[in-house]
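Survey of secondary and tertiary structure
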Amino acid sequence: EWYQRYYDIAYPTEKCDMIALPDFAAGTSERVVLQLSVDGTTNGQTLDVSQLTLAYTDLLASQPVTTNAFVRASVTSDTTLVQQKQDGEALVFAARAQAGANTQAAVDALRRGDRAEAKQLFEANKRIIGGSGSVQGAPSVAKDLAEQEQLINDLEAAQDEGSINAYSKQAR
């Protein structure tokens, strides 16, 4: 209710998830990637997944703007169709975001002394990034994969507290 009053936007459901985006310069764009898993039972069925309301101020026009967007999913058992419809650029972007979160978790694990967990997280990064490269093309993620491999190699070399601290700074 507080959000409805504050933003003067009616929410059609009981659940409301909000994402705050920092201000950015006029003329720039930001990509927000949302990964959803939807269970459907009938081939060809279309599901309404979400309705989005974007409220922001258009600084060039000096006026508030509200835009509605709808997310729908189609159920199919045709894996070829699913692969054709994937947005490779968005997959790579999302893979890099997940790899960043995993890298932070790996550094935290290493600081706790759990080298095995840190290595597992970096290996997971290679699988995630490699998967996005299978859609967008291997060259698009070659540098990312090389960085992950280097992080794993450097992890093996970080043995004392000083080298672990240096590694932690580098990995972030």
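Refer to the structure above for everything that follows.
Residues numbered from 1 in each chain as written. Predicted model: local features only at pLDDT ≥ 70, side-chain atom pairs only at ≥ 80, totals over all residues. Heavy atoms only, no water.

**What about unusual backbone geometry?**
Although it is not a glycine, Ser62 sits at a positive phi angle of roughly 55 degrees. Examined against the element boundaries, Ser62 turns out to sit in the loop between β1 (46–58) and β2 (63–74). Under the relative-accessibility criterion, Ser62 is labelled exposed at 63%. (Helix = DSSP H or I, 4+ residues; strand = E, 2+ residues; numbered from the N terminus. Buried < 20%, exposed > 50% of the residue type's maximum accessible area, 1.4 Å probe, protein only.)

**Here we look at the pattern of salt bridges**
Summed over all chains, the structure comprises 5 salt bridges. Glu156 is the partner of Lys119 in a salt bridge, and the nearest nitrogen-oxygen pair spans 3.6 Å. Pair noted here: Lys119 is in helix α4 (residues 115–136) and Glu156 is in helix α5 (residues 142–157), with a separation of 37 residues, a long-range link. When its relative accessible area of 39% is taken as the criterion, Glu156 is described as partly exposed. Across the salt bridge formed by Glu149 and Lys126, the nearest N and O atoms sit 2.6 Å from each other. Here Lys126 lies in helix α4 and Glu149 lies in helix α5, a separation of 23 residues in the sequence. (Salt bridge = Lys/Arg side-chain N within 4 Å of Asp/Glu carboxyl O.)

**Overview of the environment of Pro64**
By the element assignment, Pro64 lies in strand β2. Those residues within four positions of Pro64 in sequence are excluded, and the remaining contacts are Tyr56 and Thr57. (Contact = heavy atoms within 4.5 Å.)

**Notes on the packing of helix α3 (residues 88–111) against helix α6 (residues 161–171)**
Following both chains from N to C, one finds α3 and α6 inclined at 170 degrees, their axes separated by 10 Å at the closest point. Accordingly, the angle class assigned to the pair α3 and α6 is roughly antiparallel. Facing Thr103, Val107, Leu110 and Arg111 of α3, the residues of α6 in contact are Ile164, Asn165, Tyr167, Ser168 and Ala171. The class makeup of the residues in the contact of α3 with α6 is 5 nonpolar, 3 polar and 1 charged. (Axes fitted to C-alpha atoms, helices over the stretch in contact; angles between N-to-C directions. Parallel < 35°, antiparallel > 145°, perpendicular 65-115°, else oblique. Nonpolar A, V, L, I, M, F, W, Y, C, P; charged D, E, K, R; others polar.)

**Thoughts on the side chain of Ser132**
Assignment of secondary structure puts Ser132 in helix α4. Within polar-contact distance, the side chain of Ser132 engages the backbone oxygen of Ile129 at 2.8 Å. Excluding its chain neighbours within four sequence positions, the residues that come into contact with Ser132 are Leu91, Val92, Ala95 and Val141. (Polar contact = N/O pair within 3.5 Å; in protein donor to acceptor, adjacent residues only side chain to side chain.)

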